[in-house]
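Per-entry structural report
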Amino acid sequence: MEKIHSLSGMLDLISHKTQKEDIANRIFHTEEILRNIFEGYSFSEIRTPALESSSLFKRSVGDTSDIVNKELYSFFDKNEKSITLRPEGTASVIRSVVQKKIENEKHKLWYLGPMWRYERPQKGRYRQFYQAGIEILGYPEGLAELEIVSIICSINKALGLENTVIKINHLGNNETKQNYCEALKEFLVPLSSKLDDKDLERLNKNPLRILDSKNADTQEILKDGPKIIDYLSDSALDTLNIIKDTFSDDCDIEIDPNLVRGLDYYTGFVFEAVSSSLGAQDAYIGGGRYDELCKQLGGKDLPAIGMAIGIERLASLAKTYKESKTLISFIILSSNIEPKAYKIAHKLRSLNNSIDIDVQLSDGSLKSKLRRANKDNAAYALILGEDEFKSKNIIIKSLLDVDSEQVTMSFKDIDSFIEKIK
Ligand code: HAM
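From a predicted model like this one, the values you see are computed outputs, not experimental measurements.

1. With respect to the sheet that holds strand E2 (residues 51-53)
- Strand order in this open sheet of three strands is E2-E4-E3, and the pairing throughout is antiparallel. The strands lining the two open edges of the sheet, one partner per strand, are E2 and strand E3 (73-76). On average, each strand axis in the sheet is tilted by 35 degrees relative to the strand beside it, whichever way the strands run.
- Bridge count for E2 against strand E4 (residues 82-85) is three bridges, and the pairing is antiparallel. In the strand pairing of E4, Leu 51 is matched with Leu 85.

2. Focus: the state of the cysteines
- Taken as a whole, this structure holds one disulfide when the rule is applied.
- In this model Cys 153 forms its disulfide with Cys 251; the gap between the sulfur atoms is 2.4 Å. With a gap of 98 residues between them, Cys 153 in helix H5 (residues 143-158) and Cys 251 in the loop between helix H9 (234-247) and strand E8 (253-255) connect regions that are remote in the sequence.
- For Cys 251, a relative accessible area of 9% gives the class buried.

3. Structural notes on unusual backbone geometry
- Positive phi, close to 65 degrees, is recorded for Ser 42, a residue that is not glycine.
- Summarising the element assignment, Ser 42 is placed in the loop between helix H1 (23-40) and strand E1 (44-45).
- Phi is positive for Lys 392, which is not a glycine, with a value near 55 degrees.
- Along the chain, Lys 392 falls in the loop between helix H14 (386-390) and strand E15 (393-398).

4. Quick look at the packing of aromatic side chains
- According to the stated counting rule, one finds eight aromatic pairs in the structure shown.
- An aromatic cluster is defined as three or more aromatic residues linked by ring pairs; in this entry it consists of Tyr 265, Tyr 266 and Tyr 290.
- Cation over ring: Lys 106 sits above Tyr 139, and NZ or CZ is 5.3 Å from the ring centre.
- The positively charged end of Arg 127 is found above the aromatic ring belonging to Tyr 118, 3.8 Å away from the centroid.

5. Notes on the environment of Gly 286
- With respect to the helices and strands, the residue Gly 286 is situated in strand E10 (residues 283-289).
- Relative accessible area serves as the criterion here: at 11%, Gly 286 is assigned to the buried category.
- Gly 286 sits 139 residues away from Glu 147 along the chain, and the two C-alpha atoms are 15 Å apart.

6. Side note on the packing of H1 against H5
- Interhelical geometry of H1 versus H5 gives an angle of 140 degrees and a closest axis separation of 11 Å. The interaxial crossing formed by H1 with H5 has right-handed handedness. The segment H1 lies against H5, with Ile 33, Leu 34, Ile 37 and Phe 38 engaging Ile 151, Ser 154, Ile 155 and Ala 158.

7. What to know about the pairing of strand E7 (residues 164-170)
- Within E7, six of the seven residues are buried, which leaves the element mostly enclosed by the surrounding structure.
- Where E7 lies against strand E9 (residues 269-275), seven bridges are found, and the strand directions are antiparallel. Paired with Asn 169 across the two strands is Val 270, which belongs to E9.
- The pairing of E7 with E8 spans three bridges and is parallel.

Thresholds, definitions, all that
- Residues numbered from 1 in each chain as written.
- Predicted model: local features only at pLDDT ≥ 70, side-chain atom pairs only at ≥ 80, totals over all residues.
- Heavy atoms only, no water.
- Pairing = 2+ DSSP bridges.
- Helix = DSSP H or I, 4+ residues; strand = E, 2+ residues; numbered from the N terminus.
- Axes fitted to C-alpha atoms, helices over the stretch in contact; angles between N-to-C directions.
- Disulfide = S-S within 2.5 Å.
- Buried < 20%, exposed > 50% of the residue type's maximum accessible area, 1.4 Å probe, protein only.
- Phe/Tyr/Trp six-rings, centres within 6.5 Å; stacked < 30°, edge-to-face > 60°.
- Lys NZ or Arg CZ within 6 Å of the ring centre and 35° of its normal.
- Left-handed = near helix turned anticlockwise from the far one by under 90°.
- Contact = heavy atoms within 4.5 Å.

Here you go:
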């Protein structure tokens, strides 16, 4: 029969206990580290549905973004309602806060989950990928910016990242944006015959997005164009400089006047963490301030800033791995004693949380079971046959020290042996 494969750009992650550097293990370890960091900064978890009304993303991520234009997984449900698999988490978080009428309060929220974008799959770019994100709601520009960058530095440090840069920029307030966009249009319109269709569309619909153009010719033209940094207020410039000064001992931070981000909701400070080790898809974190989004989605005024981390990309950069616990392989040698022997293993597990006990569930010879224990990097094998069971003993074999003799211990002594393992 024809085999069924996963969809293109969607990964299966199967963790192998003994292969720490395997991508699945790296991803699960990275997620654990991120959860600890978020909780350590006193953020609370939020979980929103994977499916939302399609209009949510059109009204937030924006009509001129690539995500809404061509990357949404949208379809009609049985009720002919247009629904979309979320391409990102921010819109859902704000939708939820507005729906629950809690936008008067302040929130520090984190989330982790799959997102979907119909992009062309390549290294570091998937159609289903995982993001961990944080959203800081109710705090105007200031300390919240420092908190976000502090978290990025902590992530870099906890995962031992190398070759990373945090690129920062400021999109100014509405007035700055308007003045700058006018200047950009004035500069580019006479050169429009040199722009490709995509950049022409950007120029008409949302000129700022042209700074993000992937066309090398456009980038060359832009080198002589107006720079947003020259249009920023003193306070916006201060924000960028304060961030740089505060964290430059800890992280490499660079002001990049061309950084605009690919989603329409950003309003002020924006940033991306990139690494030269990632190749073409070099951003592993992206985010910024989005003070207008809550009102745009029918809520009240809510200053907000946040970021999302591409877990696959971050995990591929991680230099730290999950510490494995001491593993004990529990071997039952006779089917006649299986339930009673299993009960012993069940009790041993409750004596020490810092070890793993793997009861070998299959039939097989002692030799094959020891081979399996060695393959799993078990520190000890506990072996229980009918004779041992009758005499209330268990055999212990140290697997890390090949020269050591196996010893027989009473059930009671085994309990204290297990309790003492670190
Ligand atoms: P974003 O820049 O679209 O921002 O995505 C954030 C990160 O998700 C990217 O830097 C990248 O690491 C990862 N990512 C995006 N697309 C893919 C893909 N197809 N495959 C693998 N990884 C991917 C946002 O999503 C905003 N919601 C961030 C934010 C939160 N802004 C404010 N709050």
